[in-house]
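Here are the chains, one letter per residue:
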Amino acid sequence: MKKSPLALLLTFGVLQTSLSAFAATAPLDLVTPVSDYKIYVTENVDTLAADTQKFTDAIKKGDLATAKKLFPTTRLSYESIEPIAELFSDLDASIDSREDDHEDGVKADDFTGFHRLEYALFSQNSTRDQGVFADKLLADVKELQSRIAGITFPPEKVVGGAAALMEEVAATKLSGEEDRYSHTDLYDFKGNVDGSKKIVDLFKPQLEQSDKAFVAKVEKNFATVDKILAKYKTKDGGYETYDKVKEQDRKALAGPVNTLAEDLSQMRGKLGLN
Amino acid sequence: MKDSDSKNAPISTDRRRVLLGLGAAGAAVAGASLTGNAFAATAPAQVTEAPKSEKTQDHNAFHGPHQSGIVTPRPTAGMMVSFDVLAQDREDLERMFRTLNERIAFLMTGGPVPQVDPKLPPLDSGILGPVVTPDNLTITVSVGDSLFDDRFGLEPVKPKRLQRMVGFPNDALEADCCHGDLSIQFCSNAQDSNIHALRDIVKNLPDLLLVRWKQEGTVPAQAPLKPGQPPESARNFLGFRDGSANPDSNNQKTMNELVWVQPGSDEPGNGEPAWAANGSYQAVRIIRNFVERWDRTPLQEQQAIFGRVKTTGAPMDGRTEADVPDYAKDPEGKVTKLDAHIRLANPRTAQTQRNLILRRPFNYSNGVNKNGQLDMGLLFICYQADLEKGFITVQTRLNGEPLEEYLKPVGGGYFFTLPGVVDSNDFIGRSLLAASAQTTKTA
Ligand code: HEM
Ligand SMILES: [Cu+2]
């Protein structure tokens, strides 16, 4: 499952050649949105690195309250660039794996990252002995930052990311499984949705050329999701915990989320990408 | 080494000669299926050679006064899926029914799947290949009590007996596998055909339906009947024949009395809305069986609990499965105990005739419980024209039966199975929508 960074870079190389061989829909058109997306990702990973610094500092200082407060906001930028972050599966596993990704659960040696710290902060209610996990998370995030700087973004991964993010929401956010100790799932939810919407926005001109109705339908569903999420905004600009989300709203979110996943799965094809 | 050599070698000529050498006389003894195989087998099958079925083109008519999948003979594979309806308004709800109608009509008929640009996700999961085979599929749509809440204005036309299932004393209902706005029962010759149909519906209605729970089950195939032999029921996971005393599903008069809501049922006193005619009430129960414990129970006790003989399925006072027990002759329960499952379920008195139900269950097996016990049981499904006189009364009589020690109902729900789709101008749920549109207008 884990790929070395070198293997990944090689994979990208291959993807890129196959892309240039496939010249059906003027990939030139895609150069601008892809590079704009790289800027977006870079900004987000920079934010992530800065936020992670503060978050891990708080843990190492034993400042439980601050660490708890910073946990959901720090993750947000990670969640919004997840399709790119996930390209580095070794880092994604050490930064963002959940308890149930490990046979030995919380006791697993390789259970590290955000959710390991979440477990300590929210379930154990303590920062004790978390220094090693804090250091490791910061190091992993910095490594992610430098790896992202070094790669060329494959257009099909970028475009495919819009659907991948909604699949992520459908699979783990709707059920409240992502942040099972802190219940701050709505931040991640928001991160995934914004990340997906960003990609759609960047490719909107190209998409509208081929299918205006498609863009309209997708935008309508994004708006519905945003409207429901907005109900759970708190005064400080954050979000309520997921257990506060009414059953009725969870269901109301499922429709547009699943439809977005279904519709956005056609985006690559509609743009002529492999 | 010689031994293993000959095992790995293609069927030896000697052995083949023996098989073929059975000749006409041998074939008569061995039965038609063996000779069929022996002649067809030019080479022994490869490990991954697909099992064969001549029934993949079998199909059931989609149009008719009643939905299929109720009096239709039960095939091998069944699946009950409950959904939350995500439609936001009546317009969405109509789109849901129309889309369902279109998908069901296609899935039950079969045919080629339209191909799209390979850069797009294909329109179909492809698990039945590029040409969908109907494989005897029936898809039966029913609606739950919660669909009649304030969302769609359906409340005034709710079927009179439709209600949310309430736990019985022995139940341990798990919220995750109970109730639902809509149920779809899929039945066909193979699990894959049911799954194909479900995935088609999930893919085509992402904004309208959300799966709430699902339970699959099977009916074990029986050996073909010998000439003159009466049909025998399949066995459930407690090893007993299940279905023996079901009402005659080929008898239209009986089905009209017991299963289908009749036209004219909207008369005072009965009170079913007119649109519900030719529909039926569906009761679904996921009933776990404690099979380890059952297998440690003496045979005579097992038989006393059911009131039937395990091998033959005959009642305690009968010889064959079809024999009818005579409880009048056994008022003290010396032959068939008074609390035997079949005697409580159907005491066979004049008054209890109105409580007969049409059972159509499947055996299910889900995995293992935390304690290492097998998680299996009966996906109990029954149909009746009156839910209260039918399932609810029968289950109430069964409350406290000795069989309960081996059962734990964990899920299910009550639904109303919609009337059939009569022709291509009609669609599933049309009469319900039309009836409620009228009441909304006059209100
Ligand atoms: C796991 C649970 C159950 C098992 C293993 C089971 C098994 C059986 C068996 C072996 C028979 C005898 C053969 C036959 O007539 O089909 C039978 C009959 C019957 N069962 Fe069940 N049953 C179960 C649950 C239920 C439930 C929940 C009901 C309804 C509330 C029910 C109603 C009946 C009826 C009406 C008969 C026919 C009685 C007659 O007419 O003589 N059963 N059942
Ligand atoms: Cu994540």
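The shown structure was predicted, so the numbers you read here are calculated from the model rather than taken from an experiment.

With respect to the UniProt feature "domain: Imelysin-like" (unreviewed entry) in chain A
No. 1: In the numbering adopted here, UniProt assigns the feature "domain: Imelysin-like" (unreviewed entry) to residues 35–267 of chain A.
No. 2: Across residues 35–267 of chain A one finds 72% helix and 0% strand; the C-alpha atoms that close the span lie 18 Å apart.

Focus: the coordination of the iron atom of ligand 1
No. 1: Protein coordination of the iron atom of ligand 1 rests on one atom only, His341 of chain B (NE2), at 2.1 Å.
No. 2: Assignment of secondary structure puts His341 of chain B in helix α10 (residues 341–345).

Some thoughts on the UniProt feature "domain: Dyp-type peroxidase N-terminal" (unreviewed entry) in chain B
No. 1: Within the UniProt annotation, "domain: Dyp-type peroxidase N-terminal" (unreviewed entry) is assigned to residues 67–217 of chain B.
No. 2: With 23% helix and 24% strand, residues 67–217 of chain B has its two end C-alpha atoms placed 20 Å apart.

Considering the packing of helix α2 (residues 28–61) of chain A against helix α7 (residues 131–150) of chain A
For any two helices packed against each other, the geometry comes down to the angle between their axes and how far apart the axes lie.
All names here are of chain A.
No. 1: Between α2 and α7, the shortest axis-to-axis distance is 9 Å and the interhelical angle comes to 165°. One finds that α2 runs roughly antiparallel with respect to α7. Read as a crossing pair, α2 and α7 show a hand that is left-handed. For the pair α2 and α7, the contacting residues are Lys38, Val41, Val45, Asp46, Leu48, Ala49, Thr52, Gln53, Phe55, Thr56, Ile59 and Lys60 in the first and Gly131, Ala134, Asp135, Leu137, Leu138, Val141, Lys142, Leu144, Gln145, Ile148 and Ala149 in the second.
No. 2: The residue inventory of the contact of α2 with α7, partitioned by class, reads 13 nonpolar, five polar and five charged.

Remarks on the layout of surface pockets
No. 1: Approximately 1600 Å³ is the volume attributed to the second largest pocket.
No. 2: Every residue lining the second largest pocket is counted, 49 residues in all, and those nearest its centre are Gln248, Arg250, Lys251 and Ala252 of chain A together with Leu86 of chain B.
No. 3: With ten residues, the top contributor of residues to the lining of the second largest pocket is helix α12 (residues 247–264) of chain A.
No. 4: Its residues assigned to classes, the lining of the second largest pocket shows 17 nonpolar, 13 polar and 19 charged.

Focus: the coordination of the copper ion (ligand 2)
Residues and elements named next belong to chain A.
No. 1: For the copper ion (ligand 2), the full set of protein donor atoms is Glu79 (OE), Glu82 (OE) and Asp96 (OD), at a range of 2.4 to 2.5 Å.
No. 2: Donor residues for the copper ion (ligand 2), ordered by position in the chain, follow E-x2-E-x13-D.
No. 3: For Glu79, a relative accessible area of 0% corresponds to the buried category.

Details of the side chain of Asn289 of chain B
All names here are of chain B.
No. 1: By the element assignment, Asn289 lies in strand β7 (residues 280–289).
No. 2: Under the relative-accessibility criterion, Asn289 is labelled buried at 4%.
No. 3: Leave out the neighbours within four places in its chain, and Asn289 touches Phe237, Leu238, Leu374, Met376, Gly377, Leu378, Tyr406 and Leu407.

Re the packing of aromatic side chains
No. 1: Going through the model one piece at a time under the given rule, you end up with 18 aromatic pairs over all chains.
No. 2: Ring centres 6.1 Å apart and planes at 50° place the aromatic pair Phe55 of chain A and Phe71 of chain A in the tilted group. A residue pair is termed long-range when its members are at least 10 positions apart, and Phe55 of chain A in helix α2 and Phe71 of chain A in helix α3 (residues 64–80) qualify at 16 residues. In this pair, the class of Phe55 of chain A matches that of Phe71 of chain A, namely buried.
No. 3: Relative to Tyr181 of chain A, the ring of Tyr119 of chain A lies with its centre 5.2 Å away and its plane at 70°, an arrangement referred to as edge-to-face. Separated by 62 residues along the polypeptide, Tyr119 of chain A in helix α6 (residues 114–123) and Tyr181 of chain A in the loop between α8 (155–173) and α9 (185–202) bring together distant segments of the chain. For the pair Tyr119 of chain A and Tyr181 of chain A, one class covers both residues: buried.
No. 4: These aromatic residues form a ring-pair network of at least three members: Phe55, Phe71, Tyr78, Phe114 and Phe122 of chain A.
No. 5: The ring of Phe114 of chain A carries the charged tip of Arg75 of chain A above its face, separated from the ring centre by 5.3 Å.
No. 6: It is Arg293 of chain B that lies over the ring of Tyr406 of chain B; its NZ or CZ is 5.5 Å from the centre.

Each value, and the rule that gives it
- Residues numbered from 1 in each chain as written.
- Chains lettered and ligands numbered in written order.
- Predicted model: local features only at pLDDT ≥ 70, side-chain atom pairs only at ≥ 80, totals over all residues.
- Heavy atoms only, no water.
- UniProt positions renumbered as here; feature names shortened; annotations may be inferred.
- Helix = DSSP H or I, 4+ residues; strand = E, 2+ residues; numbered from the N terminus.
- Donors = N, O, S within 2.8 Å, 3.2 Å for Na, K, Ca; no water.
- Axes fitted to C-alpha atoms, helices over the stretch in contact; angles between N-to-C directions.
- Parallel < 35°, antiparallel > 145°, perpendicular 65-115°, else oblique.
- Left-handed = near helix turned anticlockwise from the far one by under 90°.
- Contact = heavy atoms within 4.5 Å.
- Nonpolar A, V, L, I, M, F, W, Y, C, P; charged D, E, K, R; others polar.
- 1 Å grid on protein atoms, 1.4 Å probe; cavity = no way out; pocket = protein on both sides within 12 Å on 5 of 7 lines; lining within 4 Å.
- Points joined across faces, edges and corners; volume = space filled by probe spheres on them.
- Buried < 20%, exposed > 50% of the residue type's maximum accessible area, 1.4 Å probe, protein only.
- Phe/Tyr/Trp six-rings, centres within 6.5 Å; stacked < 30°, edge-to-face > 60°.
- Lys NZ or Arg CZ within 6 Å of the ring centre and 35° of its normal.

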